[in-house]
Structure formats: C-alpha cells, structure tokens
Amino acid sequence: MPTPFHLAFILNFTTDDWQGPFGNGGNPWDGEFHIGVARALERACFDYVIIEDKLMVPETYGGSAAAALRQAAIAPKHDPVPLAAAMGKATSELGIVATLSTLAYPPFMTARLSSTMDSLLRGRFGWNIVTSAEDLAAQNFGMDQLPPREQRYEMADEYVDLVRQLFDSWDADAVVLDRERGVFADPDKVRPIHFRGKYFASRGPLNTVPSPQHRPAFVQAGASPRGRAFAARNADSVIAIANGPEEMKRFRDDVRAKAADQGRDPDSIKVLFCVTPTLGETDAEARERHERMVNAPEFIQDVLVQVSALTQIDFARFDLDQPLPHRLETNGEKGTLDQFQQWGSGKTLRQLVVENAGGLVSSVELIGSPDTVAERMGEVMAEVGGDGFMLTTPLLRLNRRYIADVTEGLVPALQRRGLARDRYEPGRTLRQRLLEF
Ligand SMILES: Cc1cc2nc3c(=O)[nH]c(=O)nc-3n(C[C@H](O)[C@H](O)[C@H](O)COP(=O)(O)O)c2cc1C
C-alpha cells in the first residue's frame with residue numbers, strides 16, 4: 001500500500017453558492033451550513049478545515065465596491081473564530097484552523113484567543129497566520145496604507161516570537177489543582193515576559209491556562225521568497241498554489257530546504273497544495289460541468305473581481321483578448337498574482353481566467369470521475385514527494401453538491417487506493433495528526 005497523504009479543506013465564512021440550485025440560498029450566517037460541512041469533512045477523515053479571512057470590502061475592480069458587493073465576492077465575510085468554535089463543538093476529531101491577521105489583532109489577543117480555542121477544542125485548533133495584503137484592510141486599523149511586504153513579514157516574525165513567549169509564560173505543569181494544599185496554579189511556574197521588540201511589546205504573563213497543544217498548530221500560506229522564509233521558520237503546515245507538479249515540487253523542496261537552514265526537521269512541516277477538482281459520475285460528465293462553469297456569463301468578471309481584490313490590481317483596466325501589457329507587480333498577494341499572470345505564457349487575459357479558473361485555486365487540473373481524479377492525485381503526489389492537498393472551493397462559493405462530490409466520491413476513491421486516511425486515531429491533537437505520516 002502507498003503512504004496516504006494529508007487532506008485539508010479551505011472555506012470562508014461568506015455566502016455559499018447563493019444563486020446555484022445546490023446552494024443554501026445565500027444565508028449561511030447562523031453557521032449551520034458550515035457546521036454541516038465540518039461534519040462531512042470529519043466523516044471523510046480530513047486533517048483540518050481552515051477558515052480564510054479578509055478584513056475589508058474590496059474596491060479594486062473598476063475602482064469601486066459595486067462589483068464585489070453585487071456578486072458577494074470577498075464581502076460580506078463574517079468573523080472566523082466564533083464559527084471555528086461552533087464547528088469544533090459539532091465535531092470531535094477534525095482540526096479547525098482560523099485566520100487571524102498580524103496587522104489587525106494585538107499579539108496578546110491572538111495568544112489568548114487561540115489558547116482559549118485550543119482548550120475549547122481539546123487540542124484541535126490551528127492559527128492561520130496572515131499579514132494581510134490590502135491597503136483597504138490596513139485603513140480599517142488606523143493605518144494609511146499597508147507596510148511593504150518585507151516589513152510585514154519582519155513584523156510578523158517578531159509577532160510570532162512574542163506570541164510563543166506568551167504561551168511559554170506558563171510552564172506546561174503550572175496548573176497543579178492540589179485540593180488538599182489549596183493550590184490551583186503554582187506561582188513559580190507563571191511569569192511575565194517583558195517583551196519589547198521593534199514593533200510590539202507585551203508584559204505578560206498570559207492569563208489563560210496552557211492549552212492541550214500548549215500552542216495551537218501554525219498554518220501559513222506565504223508564497224513570495226520572504227513569505228516562504230517566514231513559513232519555513234514558523235509553520236506546521238503550509239498552504240501553497242503552484243502551476244503543475246514540477247513547480248509544486250520546487251515549492252516544497254524550497255520550503256523544506258529553508259526549514260532545514262533554520263535548524264528545523266523538514267518533515268515537521270506539511271506542505272498542502274490547493275486543488276479544486278471538478279467531479280462527475282463519468283469523465284465526460286465532469287468535463288461538461290467544467291465547461292459549463294467557465295462559460296457562464298458571470299464567470300470571467302467573478303474571477304477578476306476576486307483576483308483584483310487579492311492583488312490590489314484593477315483587472316477591469318485590461319483588454320480581455322490581449323496578453324497583459326507588462327509583468328505586474330504588487331505589494332498585495334504576490335504569490336497569487338504570479339500564479340495568475342503566468343508571465344511569459346503569451347496567454348490573453350481571457351485565457352488566463354478560463355483555463356484552470358484563472359489558476360486561482362488549483363495547482364493541477366483535476367477533472368473527471370472520482371477514480372480518475374484520485375488516480376491523478378496519487379501520481380502527482382508521487383512526483384512532488386508530499387505532503388498532501390488542500391481542497392478549495394470553486395470560485396470561493398460552496399454548495400452541498402461539491403461537498404458531497406468530495407467527501408462521498410473523491411475521498412472514498414482515495415481511501416480505496418490507500419492514499420487517504422480512512423479512520424482517525426481518536427483523541428489526537430491537530431499537530432499530532434499532521435505528524436502521523
Ligand atoms: C489558499 C490560500 C489561503 C489564504 N488565506 C488567506 C487569508 O485567509 N487571509 C489573508 O489575508 N491572506 C490569505 N492568503 C494569502 C497569504 O497569506 C499570502 O499573502 C499569499 O499567499 C501571498 O504570499 P506573499 O504574502 O508571500 O506574497 C492565502 C493564500 C492562499 C494561497
């Protein structure tokens with residue numbers, strides 16, 4: 001039997017596929033829809049679900065919020081942490097990862113919130129560490145604009161050091177619960193940290209008890225060289241998008257080499273590659289579904305509104321039937337931009353969007369029956385060397401059929417091949433789960 005690979009799923013607390021026949025009607029704000037998704041992912045033995053987050057209403061495409069609001073693209077978006085708590089309480093083994101931006105939350109709050117969540121979820125919580133990548137988000141927190149990328153990651157490195165020290169401000173055995181002597185916590189095992197950095201300061205100690213994982217699992221999606229260095233230093237799991245198996249392998253090898261340079265065991269970081277399969281009962285049916293999606297009248301604008309928001313570049317300015325006029329640069333999400341623009345390919349903007357849904361969400365094209373797609377995923381992983389896949393949401397809009405396709409069709413096909421976990425070892429923490437293979 002081959003070694004299984006890791007599976008995770010990324011979604012957002014935003015509207016579902018509200019216009020589609022398998023959607024939930026655009027009203028998922030009581031959390032029930034997403035909780036149902038978490039339960040389905042747990043039945044399929046996923047490692048974790050991650051709730052993505054953004055902190056603004058985009059105004060990049062066409063210079064206004066109109067397209068984003070009309071299409072419900074990126075906004076509205078509700079806070080991931082309460083949803084993570086609700087999902088966590090409705091499941092018992094699935095890891096639950098929420099996004100908290102280093103630009104937005106004071107480090108003490110992130111440490112306290114994620115420690116609280118890890119205790120609530122009995123060791124299954126993860127923190128998706130993002131620096132935010134939009135001026136519009138920065139402006140919601142009193143800044144005029146986003147700091148440059150290098151500085152954002154420098155700040156984030158310091159931020160993570162501080163948060164780690166806060167977790168360590170309580171020794172693992174600080175809570176003694178000695179009824180006889182009347183001692184809850186041993187005062188010699190809890191201490192201030194007096195952290196004073198270039199960007200952040202905190203006195204400490206944290207005022208939460210050590211959680212089951214002591215610190216939550218750290219997830220990160222940096223793609224630029226600086227972003228990868230950050231991930232290699234800090235992450236237990238890295239989310240990546242790359243164009244095809246060769247680039248995937250290069251990405252993973254690079255993160256692993258950078259981790260080894262920092263004195264870490266490369267096997268302690270699990271790199272998961274984003275894929276968005278289109279599944280059908282037969283290959284032909286899957287292909288037909290895919291064609292229908294990319295040829296829908298709203299598809300192109302939908303993709304461009306999202307890419308514009310993530311890269312801070314107004315793609316409404318470019319001719320759809322011409323290649324991009326020059327290589328684009330951004331202080332926003334650089335990895336997303338480079339993946340999208342495929343500079344040098346000579347493709348028109350329309351082709352960039354239509355082929356592979358704009359390259360926005362899939363590292364390899366996966367279209368076919370569950371068996372066809374499972375087979376291909378196995379081949380790709382063998383070529384890349386590991387560590388697994390992050391299933392994403394087509395155009396960031398989830399519906400019940402897609403969840404069923406993945407959890408009831410694709411995952412069983414992977415399990416039959418020994419490529420995916422088919423049962424959980426009960427009671428493991430998220431970090432232990434990630435280290436199982
Ligand atoms: C699958 C995936 C999920 C991401 N989720 C978020 C998110 O929830 N919030 C956010 O601000 N950025 C998110 N990002 C952006 C990354 O944090 C990062 O900024 C981006 O991948 C570009 O890398 P760079 O910052 O090194 O240029 C995500 C990226 C990917 C690929």
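Look up: the structure comes first, before these words.
Residues numbered from 1 in each chain as written. Predicted model: local features only at pLDDT ≥ 70, side-chain atom pairs only at ≥ 80, totals over all residues. Heavy atoms only, no water.

**Details of the environment of Pro412**
Looking at the secondary structure, you find Pro412 in helix α14 (residues 400–416). Placed 232 residues apart in sequence, Pro412 and Glu180 show a C-alpha to C-alpha distance of 53 Å. Sequence-distant contacts of Pro412, defined by excluding residues within four places in its chain, comprise Val406 and Thr407. (Helix = DSSP H or I, 4+ residues; strand = E, 2+ residues; numbered from the N terminus. Contact = heavy atoms within 4.5 Å.)

**A few points about the site of the ligand**
Contacts to the ligand come from 21 residues, most closely from Glu52, Asp53, Tyr153, Ala221 and Ser224. In the model, a nitrogen atom of the ligand is placed 2.6 Å from a nitrogen or oxygen of the Asp53 main chain. Relative to its unbound accessible surface of 610 Å², the ligand loses 94% to contact with the protein. Broken down by secondary-structure element, the contributors of at least two residues to the shell around the ligand are β4 (125–130), α6 (149–167) and α11 (334–341). Residues of the shell around the ligand, tallied by class, amount to 8 nonpolar, 7 polar and 6 charged. (Near = heavy atom within 4 Å. Polar contact = N/O pair within 3.5 Å; in protein donor to acceptor, adjacent residues only side chain to side chain. Areas by Shrake-Rupley, 256 points an atom, 1.4 Å probe, with all protein chains shown as cover. Nonpolar A, V, L, I, M, F, W, Y, C, P; charged D, E, K, R; others polar.)

**Concerning the nonpolar core**
Of all hydrophobic cores here, the largest spans 87 residues; its most connected members are Leu7, Phe9, Phe46, Phe273, Phe389 and Leu391. Looking at this core, the element that brings in the most residues is α6, giving 9 residues. Beyond its immediate stretch of four places on either side in the chain, Leu391 contacts Leu7, Ala8, Phe9, Ile10, Phe46, Val275, Pro277, Tyr402, Val406 and Leu410. (Core = buried A, V, L, I, M, F, W, Y, C linked by side-chain atoms within 4.5 Å. Buried < 20%, exposed > 50% of the residue type's maximum accessible area, 1.4 Å probe, protein only.)

**Concerning the pairing of β4**
Burial within β4 is extensive, with 5 of its 6 residues counted as buried. Two elements, strand β3 (residues 95–101) and β4, share 6 bridges in a ladder whose sense is parallel. Its bridge partner lying in β4, Ile96 is registered against Phe125. Handedness of the crossover joining β3 and β4 through helix α4 (residues 107–120) is recorded here as right-handed. (Pairing = 2+ DSSP bridges. Right-handed = clockwise from strand over helix to strand, strands pointing away.)

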